[in-house]
Amino acid sequence: MLGLIKKDLLMARGNLKVIITMLVVFTLVSINGNGNFSFIPAFISVMIMMSTFSYDEYNKTDAYISSFPKGRKNAVKSKYLTTLLVVFISIIITFLLSIAVGYAKNSINMEEVLSTTLGCGFAVIVIQSILYPLIYKFGVEKSRIGLFIGVFAITGIASIFLKTGADINIPQNIVNVLNNYYMIIVPITIILILFVSYEISKVVYLKKEL
């Protein structure tokens, strides 16, 4: 399984120059402009992991992996472990860039930095947790299209919902719990989402005909 993790990391390394260029550009834009693009590293991690699936599909790696004992199980497990590692690194970079941008603008807000970092990590994990079972079932291209359609659909529904002026009343006690314990709630939620996604991906991939 370590070999599979190394394989994905080596494939990700091929995009290193592009990633560094993007980070430099968006950091400079964040410092010199009004926007803050420190969330970019977290979402680059999605692109990195998508590229590993694309390489596997192009090189027909599935057939080779399936020839090993527990090959498919280890393939799914290694993909999720690699994802955690890449997301963890991207979150650290997000945190450091947020501090750097805040320092350059003389407006460091550690609470905002932490919430931005956790929010980016949570969003990325949710996206990948939804995407991976779809990739194992339908392949990379169809899953990517499905994700885009889903994002646009959710955005459209949310926009319509907001334009109608609908008022959502969340009980104050729930709001207080979320505000006070989000540092605990977010990681636990991420673990649960990942576990469910992993189990679904494993079942789908084991049943898939190659």
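(A) Expanded view of the overall build of the protein chain. Looking only at helices and strands, the protein chain features 8 helices and 0 strands. Reading the protein chain from its N end, one meets helices and strands in the order α-α-α-α-α-α-α-α. Classification of the 210 residues of the protein chain by burial places 31% in the buried group. Of the contacts formed within the protein chain by residues at least 6 apart in sequence, a portion of 82% connects residues at least 24 apart. Roughly 13200 Å² of accessible area belongs to the protein chain as shown, and the carbon and sulfur atoms make up 71% of that amount.

(B) Here's a closer look at the side chain of Thr83. With respect to the helices and strands, the residue Thr83 is situated in helix H5 (residues 71-104). Among the polar contacts listed, one links the side chain of Thr83 to the backbone oxygen of Lys79, at a separation of 2.8 Å. Excluding anything up to four places from it in sequence, Thr83 contacts Met49, Gln128 and Tyr132.

(C) Representation of the confidence of the model for the protein chain. In this model, the protein chain carries a mean pLDDT of 78, and residues with pLDDT of at least 70 account for 83%. Here helix H7 (residues 140-163) stands out as the element of the protein chain with the lowest mean pLDDT, 65, in contrast to H5, whose mean of 86 is the highest.

(D) A look at the pattern of salt bridges. Summed over the entire model, instances satisfying the criterion amount to 5 salt bridges. The salt bridge involving Asp56 is made with Lys79; its shortest N-O contact spans 2.9 Å. Separated by 23 residues along the polypeptide, Asp56 in helix H3 (residues 40-58) and Lys79 in helix H5 bring together distant segments of the chain. Like Asp56, the residue Lys79 is buried in the burial classification. Each of the salt bridges in this network shares a partner with another, and the network as a whole consists of Lys7, Asp8, Asp56 and Lys79.

(E) Main features of the packing of aromatic side chains. Applying the stated criterion to the full structure yields 5 aromatic pairs. Ring centres of Tyr80 and Tyr198 lie 5.5 Å apart, and the angle between their planes is 80 degrees; on these two criteria the pair is classed as edge-to-face. Linking Tyr80 in helix H5 with Tyr198 in helix H8 (residues 172-207), this pair joins segments that are 118 residues apart in sequence. We classify Tyr80 as buried; its relative accessible area is 6%.

(F) Focus on the packing of H5 against helix H6 (residues 110-138). At a minimum axis distance of 10 Å, the contact between H5 and H6 shows a crossing angle of 155 degrees. On the basis of their axis angle, the class for H5 and H6 is roughly antiparallel. Of the two possible hands of crossing, H5 and H6 adopt the one that is right-handed. Here H5 contributes Ala75, Val76, Lys79, Tyr80, Thr83, Val87, Ile91, Thr94, Phe95, Ser98 and Ile99 to the contact with H6, which in turn contributes Met110, Val113, Leu114, Thr117, Cys120, Gly121, Val124, Ile125, Gln128, Tyr132, Pro133 and Tyr136. In terms of residue class, the contact of H5 with H6 is built from 16 nonpolar, 6 polar and 1 charged.

(G) Spatial organisation of the side chain of Ser45. Tracing the backbone through its elements, the reader meets Ser45 in helix H3. Not counting chain neighbours up to four residues away, the residues in contact with Ser45 comprise Val86, Val87, Ser90, Val124 and Gln128.

(H) Region of interest: the nonpolar core. Ranked by internal contacts, the top residues of the largest apolar core, which has 32 residues, are Tyr132 and Ile135. Here this core takes 8 residues from H3, the largest share from any one element. If we skip the residues at most four places from it in the chain, Ile135 touches Met50, Phe53, Val140, Ser143 and Lys208.

Calculation criteria
- Residues numbered from 1 in each chain as written.
- Predicted model: local features only at pLDDT ≥ 70, side-chain atom pairs only at ≥ 80, totals over all residues.
- Heavy atoms only, no water.
- Helix = DSSP H or I, 4+ residues; strand = E, 2+ residues; numbered from the N terminus.
- Buried < 20%, exposed > 50% of the residue type's maximum accessible area, 1.4 Å probe, protein only.
- Contact = heavy atoms within 4.5 Å.
- Areas by Shrake-Rupley, 256 points an atom, 1.4 Å probe, with all protein chains shown as cover.
- Polar contact = N/O pair within 3.5 Å; in protein donor to acceptor, adjacent residues only side chain to side chain.
- pLDDT = per-residue confidence, 0-100.
- Salt bridge = Lys/Arg side-chain N within 4 Å of Asp/Glu carboxyl O.
- Phe/Tyr/Trp six-rings, centres within 6.5 Å; stacked < 30°, edge-to-face > 60°.
- Axes fitted to C-alpha atoms, helices over the stretch in contact; angles between N-to-C directions.
- Parallel < 35°, antiparallel > 145°, perpendicular 65-115°, else oblique.
- Left-handed = near helix turned anticlockwise from the far one by under 90°.
- Nonpolar A, V, L, I, M, F, W, Y, C, P; charged D, E, K, R; others polar.
- Core = buried A, V, L, I, M, F, W, Y, C linked by side-chain atoms within 4.5 Å.

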